[in-house]
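Architecture at a glance
So the chains spell out like this:
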Amino acid sequence: MGFATDAIHAGQWADPLSGAVMVPIYQTSTYKQEGLGNHKGYEYARTKNPTRTALEDNLAALEKGAVGFAFASGMAAINALMSLFSSGDHFVVTANTYGGTFRLFDKILTRFGMTFDYVDTSNLEAVKGALKSNTKMIFVETPTNPLLTLTDIAQIAALAKQHGSLLCVDNTFATPYRQRPIELGADFVVHSTTKYINGHSDSVGGILVAREASWSEPIHFIQNSAGAILGPMDSWLTLRGIKTLAVRMDRHESNGRAIAQFLEDDSRIDRIYYPGSRDFPQRELADSQMGSYGAIVSFVVKDIDRAKLVLERFRVFTLAESLGGVESLVCHPAVMTHASVPFDIREKLGIVGGLIRLSVGIEDIDDLISDLDQALSV
Ligand SMILES: *Cc1c(COP(=O)(O)O)cnc(C)c1O
């Protein structure tokens, strides 16, 4: 089946009681048992819930993995993944990975004896150089936030395999509509479903998909033991969001292209970060790996004072963190999402005071462009 068909049907079933076409919200903590040891496979809802299972099966299918597990947030999914490993294990991680991921690794997991090296994973040699005998997994985020640096997944997957380590890709920005890391050789995919997957900015959640069915038992053991499950209502909301993922992404992307085109020749900005722009250094990789450029567009104005003035003028774009919802958002990475990154590292990465990031929504493009135009006219 095609992606849009799977998005709507994979893992879904009509309710056996009523025939309801949509999987119901099984808002229950426990299940009646017919007799001792005689139940329908459901005992307690931390362990298993039908609404959550419908979401997990759906996302496993979309990511072309064998199994999926849904968690209370993207961070909870990443934490569950890391619980598969042990003290003494080493990991190579994309530099400028999501701030919450860095915080989890650097501030919590290092206390449990795990070690991490953060390297530019777009540079194969840098990744090679960081591998150690105890490197158990490479953790890649592509594209990154907010500068959209790409990593060649197939290349890193081959390297990981050769070295005998696993590969996980945070696929939050690209979505399985455009990028399926497991097909490129990754062992795990994680998502913050909070972003494009749910797409309506009304739920926080995460998913961990594994390539091999042999991961099912160990991951379910962690999900059930640590208990950071996604609730039935959020599972249902996320499922509802997924049904329109393909059409939403098409619109997000065409709006993103139009916004980037508008900005590219605008003398009021200094530079643009967008995988489809003329001088984006990895445009070829964007074409081959994603076949699209997404809908995150970052650009730089003169300095932070000018950025502040511009940000105050937006009327349709809302000043907020997060991304991937139907509504257009604007944020200032240096002050908002990346404030915890030390100033000199930020500047080195390119997250400067004049940098503004747009998450382009699916509103009418004329309204978005005129809003951006008037905001820049300060
Ligand atoms: C938001 C985000 C996360 C964390 O997800 P939460 O749902 O906020 O916990 C992880 N990775 C990326 C790339 C994200 O954008």
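Data block above holds the structure.
Throughout what follows, the structure given in this document is the object of discussion. Note that the structure is a prediction, hence the values are computed from the model and not measured. (Residues numbered from 1 in each chain as written. Predicted model: local features only at pLDDT ≥ 70, side-chain atom pairs only at ≥ 80, totals over all residues. Heavy atoms only, no water.)

Let us look at the layout of surface pockets. For the largest pocket, the calculated volume is near 560 Å³. Together, 26 residues line the largest pocket, and Tyr98, Gly99, Gly100, Lys195 and Glu321 are the ones closest to its centre. When contributions to the lining of the largest pocket are tallied by element, the ones reaching two or more residues are helix H3 (74-82), helix H4 (99-108) and strand E6 (188-192). When the residues that make up the lining of the largest pocket are grouped by side-chain class, the tally is 7 nonpolar, 13 polar and 6 charged. Mapped onto the domain boundaries, the lining of the largest pocket takes at least three residues apiece from domain 1 (3-242) and domain 2 (245-376). Taken as a whole, the second largest pocket holds about 420 Å³ of empty space. The wall of the second largest pocket is formed by 17 residues, among which Asn96, Phe102, Val341, Pro342 and Ile345 lie closest to the centre. Of all the elements in the fold, those that place two or more residues in the lining of the second largest pocket are H4 and helix H13 (343-349). Top element by residues in the lining of the second largest pocket is H4. It accounts for 4 residues. Grouping the amino acids of the lining of the second largest pocket by side-chain chemistry returns 8 nonpolar, 6 polar and 3 charged. Two domains each put at least three residues into the lining of the second largest pocket: domain 1 (3-242) and domain 2 (245-376). (1 Å grid on protein atoms, 1.4 Å probe; cavity = no way out; pocket = protein on both sides within 12 Å on 5 of 7 lines; lining within 4 Å. Points joined across faces, edges and corners; volume = space filled by probe spheres on them. Helix = DSSP H or I, 4+ residues; strand = E, 2+ residues; numbered from the N terminus. Nonpolar A, V, L, I, M, F, W, Y, C, P; charged D, E, K, R; others polar. Domains from an automatic or database assignment.)

Next up on the list: the site of the ligand. Close to the ligand lie 13 residues; Gly74, Asp170, Ser192, Thr194 and Lys195 are nearest. In the environment of the ligand, an oxygen atom lies 2.9 Å from a nitrogen or oxygen atom belonging to the backbone of glycine 74. Threonine 194 has a polar side-chain atom sitting 2.7 Å from an oxygen atom of the ligand. Summarising the interface, the protein chains cover 92% of the accessible area of the ligand, which totals 380 Å² for the free molecule. (Near = heavy atom within 4 Å. Polar contact = N/O pair within 3.5 Å; in protein donor to acceptor, adjacent residues only side chain to side chain. Areas by Shrake-Rupley, 256 points an atom, 1.4 Å probe, with all protein chains shown as cover.)

The next thing to look at is unusual backbone geometry. The residue after threonine 142, namely proline 143, is reached through a cis peptide bond having omega -10°. Mapped onto the elements of the fold, proline 143 is located in the loop between strand E4 (135-141) and helix H6 (153-163). Residues asparagine 145 and proline 146 are joined by a peptide bond in cis, for which omega reads 0°. For lysine 64, which is not a glycine, the phi torsion comes out positive at approximately 60°. Along the chain, lysine 64 falls in the loop between helix H2 (50-62) and strand E1 (67-71). Look at lysine 64 and you get partly exposed, because its relative accessible area is 39%. Positive phi is not limited to glycine here, since threonine 175 has a value of about 70°. Counting through the fold element by element, threonine 175 comes out in helix H7 (residues 175-178). For threonine 175, a relative accessible area of 0% gives the class buried. (Buried < 20%, exposed > 50% of the residue type's maximum accessible area, 1.4 Å probe, protein only.)

Our focus in this paragraph is the nonpolar core. Formed by 55 residues in total, the largest nonpolar core has its most connected members in Ile259, Leu263, Phe299, Phe314, Ile356 and Leu358. With 6 residues, the top contributor of residues to this core is helix H10 (residues 245-264). When sequence neighbours within four positions are dropped, the list of residues in contact with leucine 358 reads Ile259, Leu263, Ala295, Ile296, Val297, Phe299, Phe314, Phe317, Leu329, Val330 and Leu372. Counting residues in hydrophobic clusters, the runner-up holds 28 residues, among them Met114, Phe116, Met137 and Val190. (Core = buried A, V, L, I, M, F, W, Y, C linked by side-chain atoms within 4.5 Å. Contact = heavy atoms within 4.5 Å.)

As for its position among the elements, threonine 238 is in helix H9 (residues 232-242). A distance of 2.7 Å separates a polar side-chain atom of threonine 238 from the backbone oxygen of aspartate 234. When sequence neighbours within four positions are dropped, the list of residues in contact with threonine 238 reads Leu55, Thr193, Ile197, Asn198, Ser203 and Leu230.

Moving on: the packing of helix H12 (residues 304-313) against helix H14 (residues 365-376). If you want to describe how two helices pack, look at the angle between their axes and the distance between the axes. Viewed as axis vectors pointing N to C, H12 and H14 meet at an angle of 140°, and their least axial separation amounts to 8 Å. For the element pair H12 / H14, the angle class is oblique. Crossing of H12 against H14: the hand is right-handed. Between H12, through Arg306, Val310 and Arg313, and H14, the contact on the second element is made entirely by Asp371, Gln374, Ala375 and Leu376. For the contact of H12 with H14, a count of residues per class yields 3 nonpolar, 1 polar and 3 charged. (Axes fitted to C-alpha atoms, helices over the stretch in contact; angles between N-to-C directions. Parallel < 35°, antiparallel > 145°, perpendicular 65-115°, else oblique. Left-handed = near helix turned anticlockwise from the far one by under 90°.)

Here H6 has its buried residues at Ile153, Ile156, Ala157, Leu159 and Ala160. Looking down the long axis of H6, one finds its buried residues gathered within 165° of arc, a one-sided arrangement. In H6, the exposed residues that point more than 90 degrees away from the buried face are Lys161 and Gln162. The secondary structure elements touched by the buried residues of H6 are helix H5 (124-130), E4, strand E5 (166-170) and helix H11 (283-289). Capping the start of H6, aspartate 152 holds a side-chain oxygen 3.3 Å from the backbone nitrogen of alanine 154, two or three residues further along. Of the residues one or two after H6, glycine 164 is the one with positive phi, at around 80°. (Arc of directions from axis to C-beta.)

In this section: the side chain of threonine 51. Locating threonine 51 in the fold gives a position in helix H2. Judged by relative accessible area, which is 0%, threonine 51 ranks as buried. Among the polar contacts made by the side chain of threonine 51, one reaches the main-chain carbonyl oxygen of proline 24 at a distance of 2.8 Å. Once residues within four sequence positions are removed from consideration, threonine 51 is found in contact with Val23, Pro24, Ile25, Tyr26, Pro232, Ser235, Trp236 and Leu239.

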